[in-house]
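An overview of the molecular structure
The primary structure of each chain is shown beneath.
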Amino acid sequence: MDEPPVGERSADQRPEARLERAVRVAEQALIEFEIAVETFRVEVENFSRLHHQRLGPMYTRLDELDARIAEARAARTGDPEDVRRAQEARAAVMPMPGVDELFHDWVDSDGLSAEAAAMLTDRPVQPPKRVRPSDEVRKLYRELARQAHPDLAREEGERQRREEFITRVNAAYARGDEALLRELSEEWAAGPVAELRLSESEELYARLEWLSQRKEMLSGVARELEDSAIGAMLRMAPDDPDRLLEEIADQLLAQVGEREAELAVLVRSVQ
């Protein structure tokens, strides 16, 4: 086997060249990690929205029934402790400013919205949005994130251009907008491509340190998502979150029935 020219061998073995390769590997690893974290964040956000839309009215109904049960019990016994508990239970379901925004339109000025009320009955309602983006949307997002990620920029102007572009990509991905992602893919392909140049050793070390700090920050974000109540629920059924919601809805409906029966008994005893 022919030996490579001395000049080429020495250039490839320069400390800067090895550092450059290390930076490239670290950059790609970080980008893949960011894609995974952002994908999970979108899934958690969408599942949280769907959870509120599907189950929020049931939780609201349970709170109202608990308040009525506590009030009926207090009316029957007259015990000060029962009266205090009834007041606390009622306070927990009192309307709050901006409640319609907090609860994503399942509560309006007249109480439960028409769609929310329908969820507690057999009347059909508009199907909720998908919990997760489609496979094609996920594929387009990953491709764009790998191509246009800001961490690949070495100059501030190019970084800003990439950050603005990726912000648009993330927004389209969060909505599951396949058509817009395709348009963005074409836009990126037609735009300027940043030239990657070798850096000095000090800059490469600083780059590796920044990448390490960025990874630590993302690890914290991932832990927060995984430890959240919604994240924990989503991990229980990652492939079929709709089924998990249906199971929880069945449990809540059963609890609603039990509370209504308990309330009916208390009301009859007071009368």
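So, a few notes on the structure that sits alongside this text. This one's a predicted model, so the numbers in the text were calculated from it and none came from an experiment.

**Details of helix 6 (residues 135-148)**
Look at helix 6: 20 Å from first C-alpha to last across 14 residues, which is about the 20 Å you get at 1.5 Å a residue. Of all the positions in helix 6, only Val 137, Arg 138, Leu 140, Tyr 141, Leu 144, Ala 145 and Ala 148 are classed as buried. Take helix 6 and look down its axis: the buried residues cluster within an arc of 165 degrees, on one side only.

**As for the environment of Glu 209**
When you line up the elements, Glu 209 lands in helix 9 (residues 201-227). A relative accessible area of 49% means that Glu 209 is categorised as partly exposed. Distance in space between the C-alpha atoms of Glu 209 and Val 23 is 9.8 Å, their sequence separation being 186 residues.

**Describing the nonpolar core**
Of all hydrophobic cores here, the largest spans 25 residues; its most connected members are Val 44, Phe 47, Leu 55, Met 233, Leu 244, Ile 248 and Leu 252. Of all the elements in the fold, those that place two or more residues in this core are helix 2 (15-77), helix 9, helix 10 (229-236) and helix 11 (241-270). Looking at which element gives the most residues to this core, the answer is helix 2, with eleven residues. With near-sequence residues (within four places) excluded, Ile 248 lies in contact with Leu 55, Tyr 59 and Met 233.

**Section: the packing of aromatic side chains**
If you walk through the whole model with that rule in mind, you get two aromatic pairs. Arranged with centres 4.1 Å apart and planes meeting at 10 degrees, the rings of Tyr 141 and Tyr 173 form a pair that is stacked. Here the residue Tyr 141 occupies a position in helix 6, and Tyr 173 occupies one in helix 7 (residues 156-175), the gap between them amounting to 32 residues. For Tyr 173, a relative accessible area of 0% corresponds to the buried category. For the pair Phe 165 and Trp 188, a centre-to-centre distance of 5.0 Å together with 40 degrees between the ring planes defines the contact as tilted. With Phe 165 in helix 7 and Trp 188 in helix 8 (residues 178-190), this pair connects stretches of sequence that are 23 residues apart. Exposure remark for Phe 165: the relative accessible area of 4% places this residue in the buried category. Among the residues examined, Trp 188 registers a relative accessible area of 10% and is labelled buried. Note that Lys 215 overlies the ring of Phe 33, its terminal NZ or CZ placed 5.5 Å from the centroid.

**Section: the side chain of Asp 82**
Positionally, Asp 82 belongs in helix 3 (residues 80-92). For Asp 82, the side chain forms a polar contact with the side chain of Thr 77, separated by 2.7 Å. If we skip the residues at most four places from it in the chain, Asp 82 touches Ala 70, Arg 73, Ala 74 and Thr 77.

**Some words on the pattern of salt bridges**
Should the charged atoms of two oppositely charged side chains come close, the side chains can pair. For the structure on display, the rule yields 27 salt bridges. Put simply, Glu 246 and Arg 54 hold a salt bridge, and the shortest N to O gap is 2.0 Å. Taken together, the positions of Glu 246 in helix 11 and Arg 54 in helix 2 put the pair 192 residues apart, joining distant regions of the chain. The exposure class of Glu 246 is partly exposed, given its relative accessible area of 37%. Three or more residues joined by partner-sharing salt bridges are found here, namely Glu 81, Asp 82, Arg 84, Arg 85 and Glu 88.

Each value, and the rule that gives it
Residues numbered from 1 in each chain as written. Predicted model: local features only at pLDDT ≥ 70, side-chain atom pairs only at ≥ 80, totals over all residues. Heavy atoms only, no water. Helix = DSSP H or I, 4+ residues; strand = E, 2+ residues; numbered from the N terminus. Expected span 1.5 Å × (residues − 1). Buried < 20%, exposed > 50% of the residue type's maximum accessible area, 1.4 Å probe, protein only. Arc of directions from axis to C-beta. Core = buried A, V, L, I, M, F, W, Y, C linked by side-chain atoms within 4.5 Å. Contact = heavy atoms within 4.5 Å. Phe/Tyr/Trp six-rings, centres within 6.5 Å; stacked < 30°, edge-to-face > 60°. Lys NZ or Arg CZ within 6 Å of the ring centre and 35° of its normal. Polar contact = N/O pair within 3.5 Å; in protein donor to acceptor, adjacent residues only side chain to side chain. Salt bridge = Lys/Arg side-chain N within 4 Å of Asp/Glu carboxyl O.

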